[in-house]
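# Understanding the architecture of this molecule
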Amino acid sequence: MRLPRSFYARPTVEVARDLLGKVIRHGAASARIVETEAYLGTDDAAAHSARGPTPRTTVIFGAPGRAYVYLIYGMHYCLNVVAEREGVAGCVLIRAAEPLAGVIHLSNGPGKLTRALGITLEHYGADLTRGPLTIHAPASDEKFDIATSPRIGINKAADLPLRFFIRGNSFVSREPRR
DNA sequence: GTAATGATCTCT
DNA sequence: GAGATCATTACC
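What you see is a predicted model, and the numbers here were worked out from it, not measured in a lab.

Moving on, we get to the overall build of chain A. Counting its secondary structure elements, chain A contains 3 helices and 8 strands. When the elements of chain A are put in sequence order from the N terminus, they spell out α-α-β-β-β-β-β-α-β-β-β. Here the C-alpha atoms of chain A give a radius of gyration of 15 Å, agreeing with the 16 Å that 2.2 N^0.38 yields for 178 residues. Considering only C-alpha atoms, chain A reaches an extent of 40 × 40 × 30 Å along its principal axes. Here chain A holds 178 residues, and 51% of them are scored as buried. Look at the contacts in chain A between residues 6 or more apart in sequence, and 60% of them connect residues 24 or more apart. Both charge centroids of chain A, one from 23 positive and one from 16 negative side chains, sit 4 Å from each other.

Structural data, given as structure tokens:
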């Protein structure tokens, strides 16, 4: 069952934590989300939305439950889910997922994840409650421990504990640097 | 118009 | 530890 719009229209940190264990599906490919990071609005120096809306980040300020996709370092796409109600910035970076079906040779990290699922800039602004790219509740509820750590690969606000992952899952990208 | 930078990955 | 590689952004 697809997650309803109301799932996304909540505080970014709650959405990030609750996305763990959910299933992302793109066409025939599906994977279980095991690692996310929360990027807040204008109070978060590390977020793309920190300095107000720009042409690239307008979707972050828009309706929740949409995809924010961007190209990083000229070679990798990253997939985010827009959270918070319309008009408030906030998004969740999907960092890693455990392959379930149709995903070939998925290695670690957000860039490889989008490549494995076939996500590109075409999905910028895509509605995740309908269309080819969707997020679902898992078929059966599993128990797992949620761990928290600082976010990875950023230079600002690097001390905030806004990364969430399933403890012990081998598909989690890596431990944060120290 | 020009220059700096980055929510990464792979190889050495 | 460094290079690949380019859209976006800030500044002139």
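Moving on, we get to the protein's contact with DNA strand B. Taken together, 20 residues sit near DNA strand B, with H48, N80, G109, G111 and K112 positioned nearest. Sugar plus phosphate: this is where 50% of the atoms of DNA strand B within 4 Å of the protein reside. Contacts to DNA strand B include N80, whose side-chain N or O atom sits 2.4 Å from a base nitrogen. Here P110 contributes a backbone N or O atom positioned 3.0 Å from a phosphate oxygen of DNA strand B. If you list the elements that add at least two residues to the surface near DNA strand B, you get β3 (67–72), β4 (76–82), β5 (91–101) and α3 (110–117).

All residues adjacent to DNA strand C are R51, T54, P55, R56, L71, Y73, G74 and M75. Sugar plus phosphate, as a fraction of atoms of DNA strand C within 4 Å of the protein: 75%. One of the side-chain nitrogen or oxygen atoms of R56 is found 3.5 Å away from a sugar or linking oxygen of DNA strand C. Looking at side-chain class alone, the surface near DNA strand C contains 4 nonpolar, 2 polar and 2 charged residues.

Parameters at a glance
- Residues numbered from 1 in each chain as written.
- Chains lettered and ligands numbered in written order.
- Predicted model: local features only at pLDDT ≥ 70, side-chain atom pairs only at ≥ 80, totals over all residues.
- Heavy atoms only, no water.
- Helix = DSSP H or I, 4+ residues; strand = E, 2+ residues; numbered from the N terminus.
- Rg over C-alpha atoms; globule rule 2.2 N^0.38 Å.
- Buried < 20%, exposed > 50% of the residue type's maximum accessible area, 1.4 Å probe, protein only.
- Contact = heavy atoms within 4.5 Å.
- Lys, Arg positive; Asp, Glu negative; His and termini not counted.
- Charge placed at Lys NZ, Arg CZ, Asp CG, Glu CD.
- Near = heavy atom within 4 Å.
- Polar contact = N/O pair within 3.5 Å; in protein donor to acceptor, adjacent residues only side chain to side chain.
- Nonpolar A, V, L, I, M, F, W, Y, C, P; charged D, E, K, R; others polar.

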